[in-house]
Amino acid sequence: MATEQFKHYQSVGKITRSEDDIVEEMRPWYDNYCFAKESLDTDPKMFNCDMVLYFLNNLILSGHSPEQMIDPNTRTDYGKMKKLIQLDGTGSYRTGIINEIAEKGYTLGNIDESFPAEHLTQPQKFKSLLFYYGMLTISGRVGAVLKLGIPNNNVRRQYYDYLLEEYQSIHPLPTYDLDMPYYEAAVEGNWHVMMDLLMKMYSENTSVCSLIEGERNLRGFMNALLNLNPYYLTAPEVELNHGYCDFFLMPDLMRYPMVEHSYILELKYLKADATESDAEEQWTEAVSQIRHYGEGSKVRQMIQHTRLHLIVVQIRGYQLNRMEEIELWHTK
């Protein structure tokens, strides 16, 4: 059906781009849904048809892709998610699941095929509800348990919007100040302003509430802020060279061809009372890790012509302890 639609609009001159080109642009945003564990061994991926129609409608009417890849109509899911979290007035368990999903990109659990309406408030049903609302999809198995992952960037942004609102409720964040630093990092390679501002925001926000000091909070905070950067497809825990980096800022060259720089970020957290010996040992390990990630052939393919920067950040308690760009030993 989709192929027939493409051919029809191409035949009447409403679409001039190739089908492959359009699908490649849509894929990170609208693809990757799987609704049956039996399909995992075949090709389970499906596009969200509403999101595809949103894209095609913009393309046909304006001649170009939508400026905002996220369909405003799917934003209602964000409101639904907030209602789900607060179903019984005690959202701490559900908020913990949201934080886990945002941090790792997935959670483990099984899907209830059906349950009566009166069971909606049961905390153990929350993952199933997220699945049925399209906020999670089946992405693998871990033994007898399903791996339930974020399907695409459209949904990922909704999780991070929720996290950002939570951080804003603790301490207002001037996110508009990041617009130019994000541009300068992407186009000019000036990452210092971007990272200095992110670290300043983290310190100010986290120090307000000592209960949220910790590595999970650091990753969640960076997830929420980095995903405001329009020039990159940003995801945590990306597999690079048989390891998982903390953040890979892959340039979105399809939409922003002017981007000249890409980034791998390795974040390390130290407790406030950590010793200098602990800090040095952790730093040495981080440098070795990020060099290993940067030398993989997969990275070279994904960054295309852009220059890759390897940035290690070490946080002690609430404060930046050390931050440097690391040089590769060699490239493959």
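For the structure, check the block above.
Predicted, not measured: the structure shown is a model, and the values here were computed from it.

Asker: Please explain the pairing of strand β6 (residues 261–270) as it appears in this structure.
Answerer: Put simply, side chains in a regular strand alternate between the two faces of the sheet. Counted residue by residue, β6 has 10 buried out of 10 residues, so it is predominantly covered. Here β6 shows two buried faces, one formed by His-261, Tyr-263, Leu-265, Leu-267 and Tyr-269 and the other by Ser-262, Ile-264, Glu-266, Lys-268 and Leu-270. Of the pairings in the sheet, the one linking strand β5 (residues 244–251) to β6 comprises three bridges and is antiparallel in character. Following the sheet pairing, Phe-247 is matched in β6 by Leu-265. Summarising the sheet, β6 and strand β7 (residues 307–316) pair through 10 bridges and their orientation is parallel.

Asker: For this particular structure, what's the right way to read the pattern of salt bridges?
Answerer: Pairing of side chains with opposite charge becomes possible as their charged atoms draw close. Applying the stated criterion across every chain yields a total of 14 salt bridges. In this structure, Lys-104 engages Glu-100 in a salt bridge whose closest nitrogen and oxygen atoms are separated by 3.2 Å. You can see Lys-104 and its partner Glu-100 sitting in helix α5 (residues 92–104), four residues apart, about one turn around the helix. Glu-100 sits in the buried class, given a relative accessible area of 17%.

Asker: Just to check I follow, could you spell out the sheet that holds strand β3 (residues 145–149) for this structure?
Answerer: Sheet strands associate in pairs through backbone hydrogen bonding, adopting either a parallel or an antiparallel arrangement. Reading across the sheet, the three strands line up as β1-β3-β2 and stay open at both edges, with antiparallel pairing between neighbours. Either end of the sheet is taken by a strand with one partner, and the two such strands are β1 (106–109) and β2 (137–142). Sheet twist, expressed as the mean angle between neighbouring strand axes with direction ignored, is 30 degrees. As defined by bridge partners, β1 adjoins β3 across four bridges and the pair is classed as antiparallel. Counterpart to Tyr-106 in the pairing with β3 is Gly-149.

Asker: Explain helix α11 (residues 276–294) to me, please; I cannot follow it from the model alone.
Answerer: Given 3.6 residues per turn, any residue in an α-helix points the same way as the ones three and four places further on. When the terminal C-alpha atoms of α11 are compared, their 27 Å separation across 19 residues agrees well with the 27 Å that a helix rising 1.5 Å per residue should span. Every buried residue belonging to α11 is among Ala-279, Gln-282, Trp-283, Ala-286, Val-287, Ile-290, Arg-291, Tyr-293 and Gly-294, and all of these are buried. For α11, the angular spread of buried residues about the axis comes to 165 degrees, placing them on one side. Along α11, exposed side chains directed more than 90 degrees from the buried face belong to Ser-277 and Glu-281. In this structure, the buried side of α11 is in contact with β5, β6, α12 (297–303), β7 and β8 (319–326).

Asker: Whenever I open this one, the pairing of β7 confuses me. Can you help?
Answerer: Burial runs high along β7: nine of the 10 residues are buried. Where β7 lies against β8, seven bridges are found, and the strand directions are antiparallel. Residue pairing across strands places Gln-314 opposite Arg-322, the latter belonging to β8.

Asker: Could you clarify how one ought to interpret the nonpolar core in this entry?
Answerer: Where a protein is soluble and globular, its nonpolar side chains tend to be buried together. Within the largest apolar cluster, 39 residues are counted, with the highest numbers of intra-cluster contacts made by Met-195, Leu-198, Met-222 and Leu-225. Among the secondary structure elements, those contributing two or more residues to this core are α7 (153–170), α8 (179–187), α9 (191–207), α10 (215–226), β5, β6 and β7. Counting residues per element, this core draws most heavily on α9, which supplies eight residues. Once you skip the residues sitting within four places of it in the chain, Leu-198 turns out to touch Leu-178, Tyr-182, Phe-221, Met-222, Leu-225 and Leu-226. Formed by 35 residues, the second largest nonpolar core is a distinct cluster that contains Ile-15, Met-26, Ile-85 and Phe-126.

Asker: What is the right way to read a negative patch on the surface from this model?
Answerer: Side chains of Asp-273, Asp-278, Glu-281 and Glu-285 sit close together on the surface and give a patch of like negative charge. Counting through the fold element by element, Glu-281 comes out in helix α11. Judged by relative accessible area, which is 57%, Glu-281 ranks as exposed.

Rules of the game
Residues numbered from 1 in each chain as written. Predicted model: local features only at pLDDT ≥ 70, side-chain atom pairs only at ≥ 80, totals over all residues. Heavy atoms only, no water. Buried < 20%, exposed > 50% of the residue type's maximum accessible area, 1.4 Å probe, protein only. Helix = DSSP H or I, 4+ residues; strand = E, 2+ residues; numbered from the N terminus. Pairing = 2+ DSSP bridges. Salt bridge = Lys/Arg side-chain N within 4 Å of Asp/Glu carboxyl O. Axes fitted to C-alpha atoms, helices over the stretch in contact; angles between N-to-C directions. Expected span 1.5 Å × (residues − 1). Arc of directions from axis to C-beta. Contact = heavy atoms within 4.5 Å. Core = buried A, V, L, I, M, F, W, Y, C linked by side-chain atoms within 4.5 Å. Patch = residues over 30% accessible without salt bridge, like charges linked within 9 Å, V, L, I, M, F, W, Y side chains within 5 Å. Areas by Shrake-Rupley, 256 points an atom, 1.4 Å probe, with all protein chains shown as cover. Lys, Arg positive; Asp, Glu negative; His and termini not counted. Charge placed at Lys NZ, Arg CZ, Asp CG, Glu CD.

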